Amino acid sequence: MSYANLADLLSFSNPVFRSYLVCNSVLVLKVLGVAPLIGRHRFAKKIFLSPEDAKMIPGAKVADNDPDIERCRRAHLNDIENIPLFFTAALGYLLTNPEPTLAINLMRAYTAARIAHTFVYAVVVVPQPARFIAFGIGYVITGYMAVSTILKFF
Amino acid sequence: MSYANLADLLSFSNPVFRSYLVCNSVLVLKVLGVAPLIGRHRFAKKIFLSPEDAKMIPGAKVADNDPDIERCRRAHLNDIENIPLFFTAALGYLLTNPEPTLAINLMRAYTAARIAHTFVYAVVVVPQPARFIAFGIGYVITGYMAVSTILKFF
Amino acid sequence: MSYANLADLLSFSNPVFRSYLVCNSVLVLKVLGVAPLIGRHRFAKKIFLSPEDAKMIPGAKVADNDPDIERCRRAHLNDIENIPLFFTAALGYLLTNPEPTLAINLMRAYTAARIAHTFVYAVVVVPQPARFIAFGIGYVITGYMAVSTILKFF
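Residues numbered from 1 in each chain as written. Chains lettered and ligands numbered in written order. Predicted model: local features only at pLDDT ≥ 70, side-chain atom pairs only at ≥ 80, totals over all residues. Heavy atoms only, no water.

Asks: Which parts of the structure should I look at to understand the overall build of chain A?
Replies: Tallying secondary structure elements over chain A gives seven helices and two strands in all. The order of α-helices and β-strands along chain A, N terminus first, is α-α-α-β-α-β-α-α-α. On C-alpha atoms alone, chain A measures out to a radius of gyration of 19 Å, which is more than a quarter above the 15 Å that the 2.2 N^0.38 rule sets for 154 residues. Dimensions of chain A along its principal axes, counting C-alpha atoms only, are 65 × 30 × 25 Å. Of all 154 residues assigned to chain A, the portion counted as buried reaches 59%. For chain A, restricting intrachain contacts to residue pairs at least 6 apart in sequence, the fraction spanning at least 24 positions comes to 70%. About 6,400 Å² of surface is accessible on chain A, with carbon and sulfur atoms providing 65% of the total. Taking the average place of the 15 positive charges on the side chains of chain A and the average place of its 10 negative ones, the gap between the two points comes to 4 Å. (Helix = DSSP H or I, 4+ residues; strand = E, 2+ residues; numbered from the N terminus. Rg over C-alpha atoms; globule rule 2.2 N^0.38 Å. Buried < 20%, exposed > 50% of the residue type's maximum accessible area, 1.4 Å probe, protein only. Contact = heavy atoms within 4.5 Å. Areas by Shrake-Rupley, 256 points an atom, 1.4 Å probe, with all protein chains shown as cover. Lys, Arg positive; Asp, Glu negative; His and termini not counted. Charge placed at Lys NZ, Arg CZ, Asp CG, Glu CD.)

Have a look at this one:
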């Protein structure tokens, strides 16, 4: 199999590579954004996980069963179960020399789906299948990118 | 210290780099594969973590103490505690210009060990030390790669 | 916008790139180091999460509510919520052609802050705001790197 020139793919003149860098960074900020969502509930409800945290606030207690906090923590966990996989899968996919419009739209769709996932899970609870669809879009895109990479380089 | 030419290492003609891309993508698919393992138990047992999920299925309930589901979730968590570290450690290691046969076999061994880890943890429960060995192989390989990278570039 | 030459940035002669590889690997080893912290408590207290683990040790039991073990597990979880984001954010930031001294010191500060985070969370429990400050330094650096990347490549 012949390959494209790697230096052309990993290049600032390749719009797919620039889009990869931007989508990654937007996703980084999105995951960082879950921390204040959790913190807001913790300080409002005075519920913490570690005794040294509860000592900061008079009347605070230690618990791990508040529904709002645990919901945000599940959104956070789902992010870290998925988004680092995208960083890696999308890099491999980018190196398969994909059609640029498709590649850029897949990366944007992934990013939008993960933002929507956090929104319907941890900001405004939207009935299913809203979260299932948001999760599924990201899941299918990541899988497609990983399979494309294997088929190209195996 | 002299370095190899980076363009030769990050090159499609470098079999170590192609192996890195393939192993990463196999690992991405492996982690993605844990989600249906968890979902299968959730729908069979009608046990979910979020009320909006339980509302989809008549008779479903919200709980976080089912042994089969929690076992799969622990396998998933162990993946994300380890596999993103490999993506990074193996990239650094690849850039140390390692002996190609060793490098390729280490990456394949890591990938096989993580697949075995999921299998003995979440598919068919195998008595210890099966999981301990699978975890340990991946752990030692990741540590070796990180140490090699530091020794080369510090 | 004009860009620096990518081959000059991703180069062994770029001290920022070498620092990136070293900091990443130190962080990999730091996260790996949490596993023996957890294991030490598990074997000393004979408390495990999976029945097949408890079967290895006479008198061991299955539980998930030991304060020392759960504290180490929270430190581990916080690592994986944050450190893979740094790997990605710092790569994008590196490609913005940052001032080298600033970039190297940001990466070293991040690495030191995460080591301190683990220390005050899981090794010697230090009253707040010690952990809050350690977390915050890493959080702000990651966010700054992601924003810099977006501003450069969007």
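Picking up where we left off.
Asks: Please explain the relation of the copies chain B and chain A as it appears in this structure.
Replies: Relating one copy of the chain to the other takes a rotation about an axis and a shift parallel to that axis. You can overlay chain B on chain A at an RMSD of 0.0 Å; the transform is a turn of 120° with a shift of 0.0 Å along its axis. Viewed as a symmetry operation, the transformation between the two copies matches a three-fold axis. Minimal C-alpha separation from the rotation axis in chain B is found for P84 of chain B, amounting to 3.8 Å. (Least-squares fit on C-alpha atoms with pLDDT ≥ 70 in both.)

Asks: Looking at this structure, how should I read the interface of chain B and chain C?
Replies: Put simply, an interface is often sized by how much accessible area is lost when its parts join up. Taken residue by residue, the interface counts 32 residues in chain B and 29 residues in chain C. Across the chain B/chain C interface, buried area totals approximately 2,500 Å², and carbon plus sulfur atoms make up 75% of it. The tally of links from chain B across to chain C stands at three salt bridges. Note that R71 of chain B is salt-bridged to E52 of chain C, the shortest N-O span being 2.8 Å. Where chain B packs against chain C, one counts seven residue pairs in polar contact (both at pLDDT 80 or more). (Buried area = accessible area lost by both parts, 1.4 Å probe. Salt bridge = Lys/Arg side-chain N within 4 Å of Asp/Glu carboxyl O. Polar contact = N/O pair within 3.5 Å; in protein donor to acceptor, adjacent residues only side chain to side chain.)

Asks: Got a minute to help me understand the interface of chain B and chain A in this structure?
Replies: Contact with chain B, which involves 29 residues of that partner, is made by 32 residues of chain A. Summing both partners gives a buried area of about 2,500 Å² for chain B against chain A, and 75% of it is carried by carbon and sulfur. Taken as a group, F12, L32 and E52 of chain B account for 27% of the area that chain B buries against chain A, more than any other trio of residues on that side. Taken together, chain B and chain A are joined by seven residue pairs in polar contact (both at pLDDT 80 or more). Counting residues per element, the ones that place at least two in the side of chain B that touches chain A are helix 2 (15–32), helix 3 (34–45), helix 4 (51–54) and helix 5 (67–94) of chain B. Its residues placed into classes, the side of chain B that touches chain A shows 19 nonpolar, six polar and four charged. (Nonpolar A, V, L, I, M, F, W, Y, C, P; charged D, E, K, R; others polar.)

Asks: Would you explain the relation of the copies chain B and chain C in this entry?
Replies: Relative to chain C, chain B is turned by 120° and slid 0.0 Å along the rotation axis, the superposed coordinates differing by an RMSD of 0.0 Å. Little of the interface of chain B is mirrored in chain C, where only 9% of its interface residues again form contacts.

Asks: I would appreciate a short explanation of the packing of helix 5 of chain B against helix 7 (residues 130–153) of chain B in the present structure.
Replies: To describe two helices that pack against each other, one gives the angle between their axes and the distance between the axes. All names here are of chain B. Running from N to C, helix 5 and helix 7 cross one another at 35°; their axes reach a closest spacing of 9 Å. In this structure, helix 5 crosses over helix 7, and the sense of that crossing is left-handed. Listed contacts from helix 7 to N78, N82, L85, F86, A89, A90, G92 and Y93 of helix 5 are F135, T142, Y144, M145, A146, S148, T149 and F153. Here the contact of helix 5 with helix 7 is built from residues that sort into 10 nonpolar, six polar and no charged. (Axes fitted to C-alpha atoms, helices over the stretch in contact; angles between N-to-C directions. Left-handed = near helix turned anticlockwise from the far one by under 90°.)

Asks: Can you help me understand the environment of T111 of chain C in this one?
Replies: Residue and element names in this part refer to chain C. In this fold, T111 is placed in helix 6 (residues 100–123). Residue T111 is classed as buried on the basis of its relative accessible area of 7%. C-alpha separation for the pair T111 and D8, spaced 103 residues apart in sequence, amounts to 24 Å. Discounting residues that sit within four places of it in the chain, T111 has contacts with C23, V26 and L27.

Asks: Even after reading the chapter, I still don't get the packing of aromatic side chains, so can you show me in this structure?
Replies: Describing an aromatic ring pair means giving the distance of the ring centres and the angle of the ring planes. Residue and element names in this part refer to chain A. Overall, the coordinates contain 18 aromatic pairs over all chains when judged by the stated rule. The interplanar angle of 35° and the centroid separation of 5.4 Å between the aromatic rings of F135 and Y139 together place this pair among those described as tilted. Within this pair, F135 and its partner Y139 are both found in helix 7 (residues 130–153), separated by four residues, close to a single helical turn. On the basis of relative accessible area, Y139 is assigned to the partly exposed category, the value being 22%. (Phe/Tyr/Trp six-rings, centres within 6.5 Å; stacked < 30°, edge-to-face > 60°.)

Asks: When you look at the environment of S25 of chain C in this model, what are you seeing that I'm missing?
Replies: Mapping S25 of chain C onto the fold places it in helix 2 (residues 15–32). Discounting residues that sit within four places of it in the chain, S25 of chain C has contacts with A146, T149 and I150 of chain B.

Asks: Mind showing me how you'd approach empty space enclosed by the protein here?
Replies: In this approach, a probe sized like a water molecule rolls over the atoms, and the result shows the empty space that is left. Applying the stated rule across the entire model yields two cavities of 30 Å³ or more. Size it by volume and the largest cavity reaches roughly 570 Å³. Taken together, 35 residues make up the lining of the largest cavity; nearest its centre are Y20 and L91 of chain A, L91 of chain B together with Y20 and L91 of chain C. Secondary structure elements with two or more residues in the lining of the largest cavity: helix 2 (15–32) and helix 5 (67–94) of chain A, helix 2 and helix 5 of chain B together with helix 2 and helix 5 (67–94) of chain C. Top element by residues in the lining of the largest cavity is helix 5 of chain C. It accounts for six residues. Empty space within the second largest cavity amounts to approximately 40 Å³. Lining the second largest cavity we find T88, L91 and G92 of chain A together with Y20, L21 and N24 of chain B. (1 Å grid on protein atoms, 1.4 Å probe; cavity = no way out; pocket = protein on both sides within 12 Å on 5 of 7 lines; lining within 4 Å. Points joined across faces, edges and corners; volume = space filled by probe spheres on them.)

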